[in-house]
Amino acid sequence: AVVSTQSTGIYQGCDVVENIRVKNCGDYYAYQLNPQVKEGAYCVYNRKTSCYPPVVHARYGELAVVNCTLNSEKDFDPEEVEWTHLDSTTLPDKRLNNIDISDDRLLLNINNIADKNAGVYAFYIASTQTTALVEVILFSAVESSQKYYYAAPGDSLSLPVTFNIMDGIAREVTWKKLPHKPVTGGNYNLSDDETTLTIKSLGEKDFGTYRCTVTFEVEEVVYTKHADIVVKLDEEEM
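Residues numbered from 1 in each chain as written. Predicted model: local features only at pLDDT ≥ 70, side-chain atom pairs only at ≥ 80, totals over all residues. Heavy atoms only, no water.

Turning to the sheet that holds strand E15 (residues 157-160), a few remarks are in order. Backbone-to-backbone hydrogen bonds pair the strands of a sheet. The strands run either parallel or antiparallel. Across the sheet, three strands lie side by side as E15-E20-E19; this open sheet has antiparallel pairing. The sheet is open, and its two edges are formed by E15 and strand E19 (188-190), each paired on a single side. On average, each strand axis in the sheet is inclined to that of its neighbour by 20 degrees, with strand direction left out of account. (Pairing = 2+ DSSP bridges. Helix = DSSP H or I, 4+ residues; strand = E, 2+ residues; numbered from the N terminus. Axes fitted to C-alpha atoms, helices over the stretch in contact; angles between N-to-C directions.)

Most of strand E12 (residues 130-138) sits out of view: eight of its nine residues are buried. In this sheet, E12 lies alongside strand E6 (residues 55-58) in parallel orientation, the contact comprising four bridges. Counted as the bridge partner of His-57 is Ile-137 from E12. In the sheet, strand E11 (residues 119-125) pairs with E12 via seven bridges, with the strands oriented antiparallel. Bridge pairing links Gly-119 to Val-136 in E12. Linking two consecutive strands that pair antiparallel, namely E11 and E12, is a turn of four residues; a positive phi of about 55 degrees is found at Gln-129 within it. (Buried < 20%, exposed > 50% of the residue type's maximum accessible area, 1.4 Å probe, protein only.)

A word on the pairing of strand E10 (residues 107-110). On a regular strand, each side chain points to the face opposite its neighbour's, so the side chains alternate between the two faces of the sheet. Because side chains alternate across E10, one face comprises the buried residues Leu-108 and Ile-110, and the other comprises Leu-107 and Asn-109, none of which is buried. Where strand E7 (residues 64-68) and E10 come together, four bridges link them in antiparallel fashion. Along E10, the bridge assignment pairs Asn-67 with Leu-107. Where strand E9 (residues 99-101) folds back onto E10 in an antiparallel hairpin, the turn is made up of five residues, including Arg-105, whose phi is positive at roughly 60 degrees.

Time to look at the confidence of the model for the protein chain. Residue-level pLDDT values for the protein chain average 77, and 73% of them are 70 or greater. In this model residues 1-49 is a low-confidence stretch, pLDDT under 50, and it forms 106 contacts with partners more than four residues away in sequence or in other chains. (pLDDT = per-residue confidence, 0-100. Contact = heavy atoms within 4.5 Å.)

Formed by 50 residues in total, the largest nonpolar core has its most connected members in Trp-83, Tyr-121, Leu-159 and Phe-216. When residues in this core are grouped by element, the largest group, five residues, is from strand E21 (residues 208-218). Excluding residues that lie within four positions of it along the chain, Phe-216 makes contacts with Tyr-60, Ala-141, Ile-165, Ile-169, Ala-170, Arg-171, Val-221, Val-222, Tyr-223 and Lys-225. (Core = buried A, V, L, I, M, F, W, Y, C linked by side-chain atoms within 4.5 Å.)

Structure below.
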């Protein structure tokens, strides 16, 4: 039976991304494309023929390259190759105007990658029934290696974050203690690159949730992303 799934992994068993339906056929999988793209259509994916890498991770503003290698000796006309972004439409597409397709149509260059480019791309040649899928995933623009930090009153604590944004993109970074308190002066100290907040000699008022927000621009679109870090009382130290 054809089943639905909400998973984000496309190469683990029958897991596929949202809005695609999948049928397990042994060495093959039949994927039903988003009805907004091809109503009722299935593309058959042979696990021995795929784009490489099958999952592309990229940072905001980066050049991401999607390359398909055909494990077949059959000739094909590049004009037959069809690329489809499963969250939008057949490429080329005006909304995805930052994507260039190579002359042999085996390679996608995604320039200044942004939210609109994330998702699954399907590669299809009708004459040879060759199909491959590749998923493009954006790293979080700002993230913390830890969600929770435990400390006791009087401790000093550093809260680091990582920005996954290409160098050269203008950005503004702000820190605050939720809901509204700015973290400047007093026992708060920010590193020069604003990636680490240090709290000295924690008091009762310093426990809670801290938010690092980064604002940046890609393809003339402004994005605001954040990461939350929770500082909790370490009761074992009390």
